[in-house]
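The chain contents come next:
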Amino acid sequence: MSQQNLVSKAVRLALMVGVAGLGANAALADDTTSTTTTTTTTNSQSTAQLGKIEVTGSRIKRTSVEQAQPIQTINQEQIKATGLTTVGQIVQKITSAGAALNTLDNFGGNFTFTGGGQSNVDLRNLGAQRVLVLVNGKRWATGLDGTVDLNTIPVAVIDHIEVLQDGASAIYGSDAIAGVVNIITVKDYSGRSADAYMGIYNGDGHSDGKTSAYDFTMGASTDKSGLIFSIAYTDQQAIPSANRDISKEPVIGQGLSAGSSATANGRFVFLPPSLIPGTNPNKTANAPAPGTGLTSAQCPNTNIGTKAKPNYQPDCDMTLIPGTAGNKPSDFRAFVGSQDRFNYAPFNYVLTPEERYSGYLQGYTDIADNLTFRADLMYNHRDSFQQAAPEPLFFASSSIALNIPANQKYNPFGFDLNASGNSPNLQLLGRRMVENGDRIYHEKEDMFRFSGGLNGYFNMLGGEWDWDASYAFSKDDELDTNAGHFDVSHLRLALGDPAICAAVAGCVPLNLFDGKAGITQSMLDYVAYTAQNQFENNQRIYNADITNSNIGTLPGGPLGLALGVESLEHDGFFLPDSVAQNGYDSFNPGRPVAPTSGRTSERSLYGELDLPILAEMPGIKLLDLDLAGRHTNYDTFGSNNTYRWGLKYQPNDEWLLRASWAQGFRAPSIQDLFSGNTNLSANIQDPCDAPAKSPVCAAQNVPSNYIQPNLQINTLEGGNPNLQPETSVSRTVGFVYSPDALAGFNLNVDYYKIEVNNTIQPISGQALMDECYTATAAASNPDACAKIHRTVFGTVQTLADQITNVGTTVTEGFDTSVAYQFPSTSVGDFKLSLDETHIKSYRLITPDPATGGSDVTELAGTERGGTVFPFGIPKNKANLTLNWVSGVWSAQYTVRYVGPVWEPCLAATQPAPVGDGTCGQPGPADPAGDSYNYAMNHDGATIYHDVQGSYSMDSWGMNFTLGIRNLFGKEPPISSVQQLNSFDPTLYDVPGRFFYGRIGWKF
């Protein structure tokens, strides 16, 4: 029996046991009411235990929720008011959240070998791997890359979400650099409830992207025990890119000019025999070789060059004339990019389809008055999909380097087309395999998590001590199926020597020259294949804490202490398809995709001390200092110490001043350390592209009239076992103001500054190109140049961009939160709230080998596209909300603001007409600090309006909600640097309005 079946049966058995227990407890509870509580203490408590809670960012249980670090709380009502169905969508809408993977990303198959389907959270634009996600104060399961799929957490059981916007490695360990997201579930629940949700998008004349969500929750509790069980199902349907005007062509407004060279009729770029380098070194005329059947109209280029100056720009650039058989040179004409390139955009998704179902069981029981057992069990299944246009096959020394001999059955030119060897003449053969259908990427994931433990309290040394001991295990299995790929080893045989093909069982010669008419099913059966990639990921966490909120007395009050130990073990593997492992997958041709396998472990000791220095004095209502430290031993890096202090000062009841300083730490993930090299196809502007060129291009023998054939360039990324951990320092200073004279008003302002050193990341393909091909040869970075590999024709074959420790990231800004609860009126109660994040600066600081100094790149207010992290970083984001409640009626109006950004225009050499929103709005010198002052495009501010109304039918226990997100149908700003769909999916909504309704029933 497979492990997957064992896990599935175990989950079903556990859920049945839970339901049976629920029925037994229901007899002891009043099943006609539904109650929740947000505390994590047990019901059987001493007087000292009552009211104690554990707030995110501290292990000490206290009666006060105000901390020295800024915390944003999202309660149950706010979660429902968003009109969103998943935790990932909800958290990504807070103003401090940055770019993170979500279901608007359709990268699987377009730019990565594997798929997506997750939803992560990024705080401060520092990356999802630098955010720690907790559930009830315990680490949630992470992937091999160290990130958490938030959508594995069922929304129905969430009581509230706490977002700590400060570093907390001293409290929680690795990963808590940018902040912590702690999801608190409902503890005591009596009764039953069911919710049904339905939503649909409407934009550009299409109604699509229907989302359905259903959940059922039941629970019972007494004064000594409680049990809650919840099941949920979500189905999100796709929105094809063809259904939105902004996304139905590669770059909106540029037609086919930004399309692909791989077309259904093929693009054939080569030198005829007499012009092959080395065969006629002094040839400079443009006449095609005699006897080839080629004409000057088919081969219009004139500057062929000499052996002394090897300018090997191809002489022939052709495509099939529609309706011809493609069996002789006269069946081909000159390729015209503006009319012959392939529009791959309509085949993609704006919103990817996804189906999830999950079960969650949580319970506790008091074994004694001071001893409680608790446990929770979660199972989540995900089927997610991405889609890309039919596979483009590129045959050249920069991609699939194979040779098509003159006697290949379908070669119409009568001479060899060689992409490898000493005398290559084939620069590009691009063929879009539309006959094989779209590329479909399907992720089938099963995640299981169990957590259990004991907690209690005892009296010792004149005080009461709370303790907690727990164990958590998670297992994540995923099978990725990639349909629409090709086996390069079979392509070589099918396009090679016919005698060899005839001798291999099943080999069928392949015809790439006759358009769609030339491909038969038997040809596809031999060369096409469906890849299957497997993932497994296991985590084990052991934790024990002991706390006392009153171990002594200081002038400001009781002294608090927390001590703890933690052990974290993580292992997993990625097993790519055997075809990919051998380097024969057409997405990674010639580049074996190595399996990933590894294990990491860490052991920690930590402590926290709360020191109330002064209280109830003139000018000092409270002065409190909180100290924390953590010592961790890693099996791969040795040991590390992190420290934190937080200061809280209340001069009176109206003001709270706070400040904190924290060291952070992030150990490399299994993927960072052990992943094999895989190909990333990213949109990159080659600085050697004509007409603007760096002098370094000539020094590296790039032809003077070289033209970049495709915007996408192969970038090879892989793990690095020599990586060292990241370290960071976070600083915050802020205040809370709640004036007595204006009851219901509350103002929070916090300044933050985070510095991450030894940053773990690939450098990025564009950055490597820019660092090598600078404006002057003296400024060129030789290390970057060494990572760039070109063919004899000048085309970039690959960029080697291994993950490394490079440079420093520094970001600083302000968070502001204002809320006012208006006095009650005859028409109801109103509350107005504003949350705003202003990014003052976001700097990437990297070493400059040429000068011995540093290069500083300012990214605040810029957009860089979807494969170069960080992506879009607007300086300002804000959410303004007006709530109204009157008896059984309620409503909410929300305005969401995303500030403007500047982006480099990748089509700068061929600007689009002014005012079309792509490349026609040149701006100032490049604020991203690139070596070349590309023309700039300004994407203006975007404002969304959302509205929602609810009615509660209390006599039936029912609630009805209707809402519209993006009420006025605001379109996202057009971006020319995006990899897909011409807008940033991490910043903006799906184009069009979203209508939704929800029915809730408590019974």
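Check the entry above for the structure.
This section reports on the structure supplied with the text.

What counts, and at which threshold
- Residues numbered from 1 in each chain as written.
- Predicted model: local features only at pLDDT ≥ 70, side-chain atom pairs only at ≥ 80, totals over all residues.
- Heavy atoms only, no water.
- Helix = DSSP H or I, 4+ residues; strand = E, 2+ residues; numbered from the N terminus.
- Buried < 20%, exposed > 50% of the residue type's maximum accessible area, 1.4 Å probe, protein only.
- Pairing = 2+ DSSP bridges.
- Axes fitted to C-alpha atoms, helices over the stretch in contact; angles between N-to-C directions.
- Contact = heavy atoms within 4.5 Å.
- Core = buried A, V, L, I, M, F, W, Y, C linked by side-chain atoms within 4.5 Å.
- Patch = residues over 30% accessible without salt bridge, like charges linked within 9 Å, V, L, I, M, F, W, Y side chains within 5 Å.
- Areas by Shrake-Rupley, 256 points an atom, 1.4 Å probe, with all protein chains shown as cover.
- Salt bridge = Lys/Arg side-chain N within 4 Å of Asp/Glu carboxyl O.
- Polar contact = N/O pair within 3.5 Å; in protein donor to acceptor, adjacent residues only side chain to side chain.
- Disulfide = S-S within 2.5 Å.

Turning next to unusual backbone geometry. For Arg 124, which is not glycine, the phi dihedral falls at a positive 65°. One can find Arg 124 in the loop between α3 (87-91) and β2 (131-135). Arg 124 sits in the buried class, given a relative accessible area of 4%. At Asn 758, a residue that is not glycine, the phi angle is positive and equals roughly 60°. With respect to the helices and strands, the residue Asn 758 is situated in the loop between β31 (745-757) and β32 (760-761). With a relative accessible area of 34%, Asn 758 lands in the partly exposed category.

Here we take up the sheet that holds strand β12 (residues 332-334). Here we have 5 strands laid out as an open sheet, ordered β12-β11-β10-β19-β16, and antiparallel in their pairing. On the outer flanks of this sheet lie β12 and β16 (392-395), each paired with one strand and no other. Neighbouring strand axes in the sheet, compared pairwise and without regard to direction, differ in orientation by 25° on average. The sheet contact formed by strand β10 (residues 267-270) and strand β19 (residues 426-432) spans 4 bridges and is antiparallel. Each bridged residue has a counterpart across the sheet, and for Phe 268 the counterpart in β19 is Leu 429.

We now examine the sheet that holds strand β1 (residues 71-75). What the 5 strands build is an open sheet, ordered β1-β4-β5-β2-β3; its pairing is mixed. Here the strands that pair on one side only, and so sit at the sheet edges, are β1 and β3 (138-139). Both β2 and strand β5 (residues 179-185) contribute to a ladder of 5 bridges, which runs parallel. Following the sheet pairing, Leu 132 is matched in β5 by Val 180.

The residue Gly 992 is located in the loop between β44 (958-965) and β45 (993-1002) in this model. Distance in space between the C-alpha atoms of Gly 992 and Lys 970 is 6.9 Å, their sequence separation being 22 residues. Not counting chain neighbours up to four residues away, the residues in contact with Gly 992 comprise Asn 202, Gly 203, Asn 966 and Glu 971.

Counting 42 residues, the largest nonpolar core has Ile 153, Ile 161 and Val 181 as its most contacted members. Those elements that place two or more of their residues in this core are α3, β2, β4 (158-164), β5, β31 and β37 (829-847). Those residues in contact with Val 181, other than ones at most four positions away along the chain, are Val 91, Val 121, Leu 123, Val 131, Leu 132, Val 133, Leu 134, Ile 161, Glu 162 and Val 163. Core analysis: the second largest hydrophobic core is formed by 36 residues, Phe 268, Met 318, Leu 402 and Tyr 526 among them.

A cluster of nonpolar side chains, contributed by Phe 822, Leu 832, Leu 834, Leu 880, Leu 882, Tyr 893 and Phe 968, occupies part of the molecular surface with about 550 Å² of accessible area. Looking at the nonpolar patch, the elements that each hand over two or more residues are β37 and β39 (876-886). In this structure, Leu 882 sits in strand β39.

Of note, Thr 185 is situated in strand β5. Relative accessible area serves as the criterion here: at 5%, Thr 185 is assigned to the buried category. A distance of 2.7 Å separates polar atoms of two side chains, one belonging to Thr 185 and the other to Gln 362. Those residues in contact with Thr 185, other than ones at most four positions away along the chain, are Val 135, Asn 136, Val 157, Ile 158, Asp 159, Tyr 360 and Gln 362.

Relative to β45, strand β6 (residues 191-203) runs antiparallel, the two sharing 10 bridges. Counted as the bridge partner of Tyr 201 is Phe 994 from β45. As defined by bridge partners, β44 adjoins β45 across 8 bridges and the pair is classed as antiparallel. Among the inter-strand pairings, Met 958 is bridged to a residue of β45, identified as Trp 1001.

All right, on to the state of the cysteines then. A covalent bond between the sulfur atoms of two cysteines is referred to as a disulfide. Within this structure, the stated rule accounts for 4 disulfides. Linked covalently through their sulfurs, Cys 299 and Cys 316 form a disulfide whose S-S length is 2.1 Å. Residues Cys 299 and Cys 316 are joined through a disulfide that is right-handed, its torsion about the S-S bond being 90°. Taken together, the residues span a long stretch of sequence, with Cys 299 in the loop between β10 and β11 (316-320) and Cys 316 in strand β11 at a distance of 17 residues. Neither Cys 299 nor Cys 316 differs from the other in exposure class; each is buried. One disulfide in the model links Cys 688 with Cys 697; its S-S distance is 2.0 Å. Its S-S torsion of about -95° marks the bond between Cys 688 and Cys 697 as left-handed, since a negative value means left-handed.

Right, let's talk about the pattern of salt bridges for a bit. Across all of its chains, the model carries 39 salt bridges by this definition. The salt bridge involving Arg 124 is made with Asp 815; its shortest N-O contact spans 2.5 Å. You can see Arg 124 sitting in the loop between α3 and β2 and its partner Asp 815 sitting in strand β36 (residues 808-821), a full 691 residues away along the chain. Here Arg 124 and Asp 815 have matching classes, each one buried. Taking the shortest distance from any N to any O, the salt bridge between Arg 843 and Glu 812 comes out at 4.0 Å. Here Arg 843, found in strand β37, pairs with Glu 812, found in strand β36; they are 31 residues apart in sequence, far enough to count as distant. Arg 843 gets classed as partly exposed once you look at its relative accessible area, which sits at 24%. Take Glu 812: its relative accessible area is 10%, and that puts it in the buried class.

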